[in-house]
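Residue-level structure breakdown
As a plain string of letters, each chain reads:
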Amino acid sequence: MTETLIRNPHLDAPPDQAPDQDAELARQAAAQSAIDGAGCHAGPEQMKAAAKAAGNAELMEGFERDYPKGPHEQPQSMCPAFGSLRVGLRMRRVGTILSGSACCVYGLTFTSHFYGARRSVGYVPFNSETLVTGKLYEDIRDAVHEMAKPEDYDAVVVTNLCVPTASGIPLGALPKEIDGVRIVGIDVPGFGVPTHAEAKDVLSGAMLKYARGEAAAGPVMAPRQGVSERPTVTLVGEMFPADPVVIGQMLEPMGLAAGPVVPVREWRELYAALDCAVVAGIHPFYTASFREFAAAGRPVVGSAPVGADGVDAWLTAIGDKANVARGKIDAARNAFVGATRGALAANPITGRITLSGYEGSELLVGRLLVEAGADLKYVGTACPRTPFSKDDADWLKAHGVEVRYRASLEQDIAAFEEFAPDLAIGTTPVVQHAKQASTPALYFTNLISARPLMGPAGAGSIATVINAAIANKARFDKMTEFFDGVGTGDTAGVWEDKPTVNTAFRKKYAARMNISKNAVDAGEAVGT
């Protein structure tokens, strides 16, 4: 490396906030430690230690408080930053810049475009020198200035991935706005944020905090559709587009209206989200977002109007928090509890089911399945236990369902093996495992969570796909019978001669795989 130059990564900060030379030398040492530890392939503890030494101790402690981890101590799904990236890419007039290892940025942008993003993603590359010297910060700052054009954007979101976070690249030192364009810097390291679902909260919470400060400072822009004449209920958590409409219909007898859905699709919706009577924590893991609503004096109600019991309890809780008269609350309950119960009775589900996923709505879907008549044995979610999921977990346990937070893939598969369901609903590897066992299976994200769940509409929509899948058991048995005898794994296929089993290689490969598995169990970060 060429001669190391000590740079001040806080060039945009006021003089009294600029770090002294000793602090900058400590940051450089931490950055070099992250590089020496093989960058993003280092273990999480080494990355965390580097981040704390580089000045990000408070950030890491915040992650540990907001997003407590589980037994596997690392994401078992996609890179968490995909969640926050997707939120930003779905917003109108919001630009996105990533800073991280090139392989990570490539994977994130590929996945985002695969899911329909139709805009470019900014990328600020780095090497060991720019990372250690702090030149990377200057490059990010220059990129932000170049991108922040008010005719194009209301805001620009800058995201640090693993290595820049571990190296202490200080996005908080960026200007808060440039020519009226808001600058929002967030860190989403795989060693600090466990799931892509929670990364959505990282960005949503940061934007709500920024917008709350703007609203406190003076008048802000009204929603595109105008200000609601009725008190609103902000809905937190991504959901099927029809669900907010159905929720609005259920709220109408109480004199309330459905407000914006967080994550929002436009910056101005943040102000309307904060200007509500009650917050509905449909997805219970938005801890940072709930903190901003609490700071704005807005009460949060957990769970959702799913199933007859859920509709009844949720309408009552929302009405109470919004100070709605008891007569109006009862009118809403009378109108929709019976309708939901009727829809459930008209669309029964029969069969044993195991359910798992990483979207955050797994417990809600579980409640709906049970009320529809399914013999649900297990619900696993990659998301953490929070106060706002307690009612759903208690309800499921009272109905004989095992609930597991921060469930690992191994635990989800173990539940499948234990309960031998007629249908497995889960992540891609769970679905694969079930189909290999001739059991019908559905991918939770695309086939279950992407459907209406709320009120009578949800009760009627989910039974069709569930019952159709269970009815396919005979097809799976037929396929298994057809392919019987062609082998499995490395002996699968049609062979002129029986494949020779290389026992020595198998032992060597098994030992190597066991080392890799132990590394995962120990929580080592892998390419995030």
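The following paragraphs examine the structure supplied in this document. Please read all numbers here as calculations on a predicted model, not as lab measurements.

**Details of the overall build of the protein chain**
Scanning the protein chain from terminus to terminus reveals 21 helices and 14 strands. Within the protein chain, buried positions represent 52% of all 528 residues. Accessible area of the protein chain: about 23,200 Å², with a carbon and sulfur share of 54%.

**Description of the side chain of threonine 130**
Looking at where threonine 130 falls in the secondary structure, it is placed in helix H5 (residues 128–133). Judged by relative accessible area, threonine 130 falls into the buried class, the value being 15%. In this structure, threonine 130 is in contact with Lys135, Leu136 and Asp139, ignoring residues within four places of it in sequence.

**What to know about helix H9 (residues 242–251)**
Among the 10 residues of H9, seven are classified as buried, and the element is accordingly described as predominantly covered. Residues of H9 that are buried sit in contact with strand S6 (232–236), strand S7 (257–262), helix H12 (307–321), helix H13 (326–346) and helix H19 (455–470).

**Here we look at the packing of aromatic side chains**
Counted according to the given criterion, the structure contains six aromatic pairs. Their ring planes at 85° and their centres at 5.5 Å tell us that tyrosine 210 and tryptophan 267 sit as a pair that is edge-to-face. Of this pair, tyrosine 210 sits in helix H8 (residues 196–217) while tryptophan 267 sits in the loop between S7 and helix H10 (268–274), and the two are 57 residues apart along the sequence. Neither residue differs from the other here; tyrosine 210 and tryptophan 267 are each classed as buried.

**Some remarks on the sheet that holds strand S8 (residues 278–281)**
Read across the open sheet, the four strands follow the order S7-S6-S8-S9; overall the sheet is parallel. Whereas interior strands pair on both sides, the edge strands pair on one side only; in this sheet they are S7 and strand S9 (300–302). Averaged over neighbouring strand pairs, the angle between their axes works out to 30° when direction is ignored. Bridge count between S6 and S8: three bridges; the pairing is parallel. Counterpart to valine 233 in the pairing with S8 is valine 278.

**Some thoughts on the environment of glutamate 269**
Residue position: glutamate 269 is located in helix H10. Remark: the alpha-carbon pair of glutamate 269 and arginine 224, spanning 45 residues in sequence, is separated by 8.0 Å. Excluding residues within four positions of it along the chain, glutamate 269 makes contact with Pro260 and Val264. Reaching out from glutamate 269, the side chain makes a polar contact with the backbone nitrogen of arginine 265 at a distance of 3.1 Å.

**Digging into the pattern of salt bridges**
Following the criterion strictly, the structure yields 25 salt bridges and no others. Linking arginine 182 and glutamate 214 is a salt bridge whose minimum nitrogen-to-oxygen distance equals 2.8 Å. Of this pair, arginine 182 sits in strand S5 (residues 181–187) while glutamate 214 sits in helix H8, and the two are 32 residues apart along the sequence. A single network of salt bridges, built from pairs that share partners, joins Arg92, Arg224, Glu266 and Arg268.

**A look at the nonpolar core**
Counting residues in each nonpolar core, the largest one holds 74 residues, and the members touching the most others are Ile140, Val158, Ile183 and Trp267. What isoleucine 183 contacts, discounting residues up to four positions off in sequence, is Val144, Ala148, Val156, Val158, Leu174, Pro175, Lys176, Glu177, Ile178 and Tyr210. One finds Ile318, Ile349, Ile353 and Leu364 within the second-largest nonpolar core, a separate group that totals 61 residues.

**Re the packing of helix H3 (residues 81–89) against H8**
Between H3 and H8, the shortest axis-to-axis distance is 6 Å and the interhelical angle comes to 50°. With respect to their mutual orientation, H3 and H8 come out oblique. Our pair here, H3 against H8, has a crossing hand that is right-handed. Contact with H3, carried on its side by Phe82, Gly83, Ser84, Val87 and Gly88, involves His196, Ala199, Lys200, Leu203, Ser204 and Met207 of H8 and no other residues of that element. Considering only residue class, the contact of H3 with H8 consists of five nonpolar, five polar and one charged.

**Here we look at the environment of glutamate 146**
As for its placement among the helices and strands, glutamate 146 is situated in helix H6 (residues 135–147). Judged by its relative accessible area of 61%, glutamate 146 falls in the exposed class. C-alpha of glutamate 146 to C-alpha of isoleucine 178: the two residues are 32 residues apart in sequence and 10.0 Å apart in space.

Reading the values: the criteria
Residues numbered from 1 in each chain as written. Predicted model: local features only at pLDDT ≥ 70, side-chain atom pairs only at ≥ 80, totals over all residues. Heavy atoms only, no water. Helix = DSSP H or I, 4+ residues; strand = E, 2+ residues; numbered from the N terminus. Buried < 20%, exposed > 50% of the residue type's maximum accessible area, 1.4 Å probe, protein only. Areas by Shrake-Rupley, 256 points an atom, 1.4 Å probe, with all protein chains shown as cover. Contact = heavy atoms within 4.5 Å. Phe/Tyr/Trp six-rings, centres within 6.5 Å; stacked < 30°, edge-to-face > 60°. Pairing = 2+ DSSP bridges. Axes fitted to C-alpha atoms, helices over the stretch in contact; angles between N-to-C directions. Polar contact = N/O pair within 3.5 Å; in protein donor to acceptor, adjacent residues only side chain to side chain. Salt bridge = Lys/Arg side-chain N within 4 Å of Asp/Glu carboxyl O. Core = buried A, V, L, I, M, F, W, Y, C linked by side-chain atoms within 4.5 Å. Parallel < 35°, antiparallel > 145°, perpendicular 65-115°, else oblique. Left-handed = near helix turned anticlockwise from the far one by under 90°. Nonpolar A, V, L, I, M, F, W, Y, C, P; charged D, E, K, R; others polar.

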